[in-house]
Amino acid sequence: MKEQLEAIRKKAIEAIGGAEAAADLESLRVKYLGKKGELTAVLKQMGGLSAELRPVIGQLANEVRASVEKAIEAQSAIVSERALAARLEAETLDVTIPGKKVPQGHKHPMYAVLDDIKEIFIGMGFEIFDGPEIERAEYNFTKLNAPEDHPSRDWTDTFYLTEDSSVLLRSQTSPVQIRAMETHGVPIRMISPGRVYRKDEVDATHSPMFHQIEGLVVDKGITMADLKGTLNTIIREIYGPETKTRFRPHHFPFTEPSCEMDIQCHKCGGVGCPTCKGEGWIELLGAGMVHPKVLRNCGVDPEEYSGFAFGFGLERLALGQYKISDMRLIFENDIRFLEQF
Ligand code: DAH
């Protein structure tokens, strides 16, 4: 039996040394050490041995098993090292070849303008508020003091979502004034940019969806001087320190008094040109002192607090800033157009 065991050891170690793959090593392990393997077969005959021989052969059998296992382990390290080397060889990478360029997008020009405007307002202590685009008529009109027969409530002007005219796509960002006062309370200093919807035909200056930026400041002792001072400061931040502005009386249901603000045409300096349609001035925004009824509708006492509000169209501002003549370009998302910014 001793010879048998030595023969197994020799054969096994030789075969293992020649193995070139992990799978070959595994079948050799099964062949020699497995339950039906050669070593096990020899051990099964040990019952017929004498009491003196049995421990001697037993020990030898253990040694043979250990040396076969060790050989497998050593060879398996060699095999995997060779496999790695082969892979590295096959997969060599030339790091000096120029890479494939992934085309990278950038911010939409109008949102770039919006981000600049937000920065200016944040710098002046304003908070940014968000409001729903699907809005209640109560917020879009009623709490803003719009009378029941106000033309903007008409089905021909506004997208209603329910037969009873109670839910709509907001036609202005002004309802966020109400929501902000209700949830945040006063004093407040906020702007709220967002999409608004109106039943307008698409042309160079109209779209059924466009963007507004709403602003609201309410505190003790706020006057028309604060309105003018704040808006002048902001407009000069956007258009440059030399920009001239003027305020004209106007009417909005939610402000009293109300005004519109114009800037002197930056193209012609006020003489009159196609950009300002010969006027010398460009209408920029609507504003006014928050109507006492609106304050009361939000639980704010107009005897104690006053405020001003303003709203302007973002598209017009962006068009002016980039000297784009047609609003449709802003929404068509033609890469050839957007790439220019
Ligand atoms: N909501 C008005 C519009 O869509 C714009 C506006 C005017 C907003 C005056 C205001 C304001 O907050 O005070 O035409």
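It should be noted that the structure appears before, not after, this text.
Residues numbered from 1 in each chain as written. Predicted model: local features only at pLDDT ≥ 70, side-chain atom pairs only at ≥ 80, totals over all residues. Heavy atoms only, no water.

## Considering the pattern of salt bridges
Point 1. Applying the stated criterion across every chain, the model contains 18 salt bridges.
Point 2. Note that Glu260 is salt-bridged to Arg248, the shortest N-O span being 3.1 Å. Here Glu260, found in strand 7 (residues 255-264), pairs with Arg248, found in strand 6 (residues 245-252); they are 12 residues apart in sequence, far enough to count as distant.
Point 3. A residue is classified by how much of its surface remains accessible, and Glu260, at 9% relative accessible area, is buried.
Point 4. Note that Asp326 and Arg328 form a salt bridge whose closest N and O atoms lie 2.9 Å from each other.
Point 5. Residue classification places Arg328 among the partly exposed positions, given a relative accessible area of 34%.
Point 6. One salt-bridge network, held together by shared partners, links Arg246, Arg248, Glu260 and Asp262. (Salt bridge = Lys/Arg side-chain N within 4 Å of Asp/Glu carboxyl O. Helix = DSSP H or I, 4+ residues; strand = E, 2+ residues; numbered from the N terminus. Buried < 20%, exposed > 50% of the residue type's maximum accessible area, 1.4 Å probe, protein only.)

## Observations regarding the state of the cysteines
Point 1. Taken as a whole, this structure holds zero disulfides when the rule is applied.
Point 2. You can see Cys259 has no disulfide; the closest cysteine sulfur is in Cys298, sitting 20 Å from it.
Point 3. The thiol of Cys268 is not disulfide-bonded; the next cysteine sulfur, from Cys265, is found 3.7 Å away. (Disulfide = S-S within 2.5 Å.)

## Considerations on the pairing of strand 6
Point 1. Here strand 6 pairs with strand 7 via seven bridges, running antiparallel. When the bridges of strand 7 are listed, Thr245 appears paired with Ile263.
Point 2. Linking strand 6 back to strand 7 in an antiparallel pair, the connection comprises two residues. (Pairing = 2+ DSSP bridges.)

## Details of the site of the ligand
Point 1. Near the ligand, the surroundings consist of 15 residues, among which Gln172, Ser174, Arg198, Gln212 and Glu214 are the closest.
Point 2. Within the backbone of Phe310, a nitrogen or oxygen atom sits 3.3 Å from an oxygen atom of the ligand.
Point 3. Computed on the free molecule, the ligand has an accessible area of 360 Å², of which 89% lies beneath the protein chains in the complex.
Point 4. Residue assignment for the shell around the ligand shows that the elements contributing at least two residues are strand 5 (209-219), strand 8 (281-290) and strand 9 (306-313).
Point 5. A per-class count over the shell around the ligand returns five nonpolar, eight polar and two charged. (Near = heavy atom within 4 Å. Polar contact = N/O pair within 3.5 Å; in protein donor to acceptor, adjacent residues only side chain to side chain. Areas by Shrake-Rupley, 256 points an atom, 1.4 Å probe, with all protein chains shown as cover. Nonpolar A, V, L, I, M, F, W, Y, C, P; charged D, E, K, R; others polar.)

## As for the packing of helix 5 (residues 109-123) against helix 10 (residues 314-322)
Point 1. As a packed pair, helix 5 and helix 10 sit with axes 9 Å apart at the nearest point and diverge in direction by 100°. Classed by the angle they form, the pair helix 5 and helix 10 counts as roughly perpendicular. Judged by residue contacts, Pro109, Met110, Ala112, Val113, Leu114 and Ile117 of helix 5 engage Leu314, Glu315, Leu317, Ala318, Gln321 and Tyr322 from helix 10. (Axes fitted to C-alpha atoms, helices over the stretch in contact; angles between N-to-C directions. Parallel < 35°, antiparallel > 145°, perpendicular 65-115°, else oblique. Contact = heavy atoms within 4.5 Å.)

## Things to note about helix 5
Point 1. Look at helix 5: 21 Å from first C-alpha to last across 15 residues, which is about the 21 Å you get at 1.5 Å a residue.
Point 2. Looking one or two residues past helix 5, Gly125 carries a phi angle of roughly 90°, positive in sign. (Expected span 1.5 Å × (residues − 1).)

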